[in-house]
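# An overview of the molecular structure
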Amino acid sequence: MHASSDGDIVADRAALFADLQDLLQLEQDALPAYAAAIAALRSRELREQLEVYRKEHERHVKALSAEIEALGGIPLPVPHLPTGLFKLAVQLLGLPGGDRAILLAFVSNEWQSREKYARYAARPYPPRLSALLNRHAEDEARHYDWALDALEGLGCGAGTAVGQATRLFARFHGTTADVVEAIGRSGLEAGARLLRPR
Ligand SMILES: [Fe+2]
Ligand SMILES: [Fe+2]
């Protein structure tokens, strides 16, 4: 981060605030998706693990909010509504197939979180903030890896056609969600129409 003039400092601060708010919204989107997954999972073991990860997301929300407040900003409690609905729609409507389907949707959310944190963590922020974002990226990578392992345990491992499709779907859906965030509601509606079960 450079500070050659007051204007640069203000611009840097505004960019940093926008980045942190973007990540906060990602987290706020994740929480209802967790609630939906926890409510729908049949396996108690899987549910309990998701409860643990949900607490980590709540910690992420607190840490990001504290950073925004330290910048003199107000953490906005408004999720990315289109993507939040999009993710919920995928989880609740789009995928028959029990716990596997829920984990499939979960994998894609965690993949998106991991990628987004990793992208932000690579930016030239102050070292303390980079360290925080890297820790969050590592948490998300752990959630993602756990979900892939759990799918392995349900017979959808990397060596199976379903397992390979899972990884592709995670990338496709995670990437799609990023695009939907970028283009907004019209994109959501088009995407939701494509994904609606027949
Ligand atoms: Fe998180
Ligand atoms: Fe996560």
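Residues numbered from 1 in each chain as written. Chains lettered and ligands numbered in written order. Predicted model: local features only at pLDDT ≥ 70, side-chain atom pairs only at ≥ 80, totals over all residues.

### Examining the overall build of the protein
Along the protein, the regular secondary structure elements total seven helices and zero strands. Secondary structure elements of the protein occur, N-terminal to C-terminal, as α-α-α-α-α-α-α. Classification of the 198 residues of the protein by burial places 31% in the buried group. Nonlocal contacts in the protein, meaning residues at least 24 apart in sequence, comprise 74% of its contacts between residues at least 6 apart. (Helix = DSSP H or I, 4+ residues; strand = E, 2+ residues; numbered from the N terminus. Buried ≥ 20, exposed ≤ 12 C-beta atoms within 10 Å, placed from the backbone. Contact = placed C-beta atoms within 7 Å.)

### A word on the nonpolar core
Core analysis: the largest hydrophobic core is formed by 28 residues, its most contacted members being Leu23, Leu103, Phe106, Val107, Ala147 and Leu151. Looking at this core, the elements with two or more residues in it are helix 1 (6–40), helix 2 (44–70), helix 4 (98–121) and helix 5 (127–153). For this core, the element with the highest residue contribution is helix 4, accounting for nine residues. (Core = buried A, V, L, I, M, F, W, Y, C linked by C-beta atoms within 7 Å.)

### Quick notes on the confidence of the model for the protein
A low pLDDT means the predicted coordinates there should not be read in detail. The predicted model of the protein has a mean per-residue pLDDT of 76, with 65% of residues at 70 or higher. When pLDDT is averaged over each helix and strand of the protein, the minimum, 39, is found for helix 7 (residues 185–195) and the maximum, 95, for helix 2. For the stretch residues 182–198, pLDDT sits under 50, and the model shows 19 contacts to residues farther than four places along the chain or on other chains. (pLDDT = per-residue confidence, 0-100.)

### Let's talk about the packing of helix 2 against helix 5
Closest axis-to-axis distance for the helix 2/helix 5 pair is 11 Å, and the angle between their directions is 165°. On the basis of their axis angle, the class for helix 2 and helix 5 is roughly antiparallel. Here the hand of the crossing between helix 2 and helix 5 comes out left-handed. Across the interface between the two elements, Leu46, Gln49, Tyr53, Glu56, His60, Ala63 and Glu67 of helix 2 pack against Leu129, Leu132, His136, Asp139, His143, Trp146 and Ala150 of helix 5. (Axes fitted to C-alpha atoms, helices over the stretch in contact; angles between N-to-C directions. Parallel < 35°, antiparallel > 145°, perpendicular 65-115°, else oblique. Left-handed = near helix turned anticlockwise from the far one by under 90°.)

### A look at the packing of helix 4 against helix 5
Where helix 4 contacts helix 5, the two axes come as close as 8 Å, and the packing angle between them is 160°. The angle between the axes of helix 4 and helix 5 places the two elements in the roughly antiparallel class. The handedness of the crossing between helix 4 and helix 5 is left-handed. Looking at the contact of helix 4 with helix 5 residue by residue, the class counts come to 16 nonpolar, five polar and four charged. (Nonpolar A, V, L, I, M, F, W, Y, C, P; charged D, E, K, R; others polar.)

### Things to note about the environment of Ala18
Within the fold, Ala18 resides in helix 1. As for Ala18 and Ile68, which are separated by 50 residues in sequence, their C-alpha atoms are 9.3 Å apart.

### Concerning helix 5
If you check helix 5, its first and last C-alpha atoms are 39 Å apart, about what 27 residues at 1.5 Å a residue would give, namely 39 Å. Those residues of helix 5 that fall on the buried side of the exposure criterion are Leu132, Leu133, His136, Ala137, Glu140, His143, Tyr144, Ala147, Ala150 and Leu151. (Expected span 1.5 Å × (residues − 1).)

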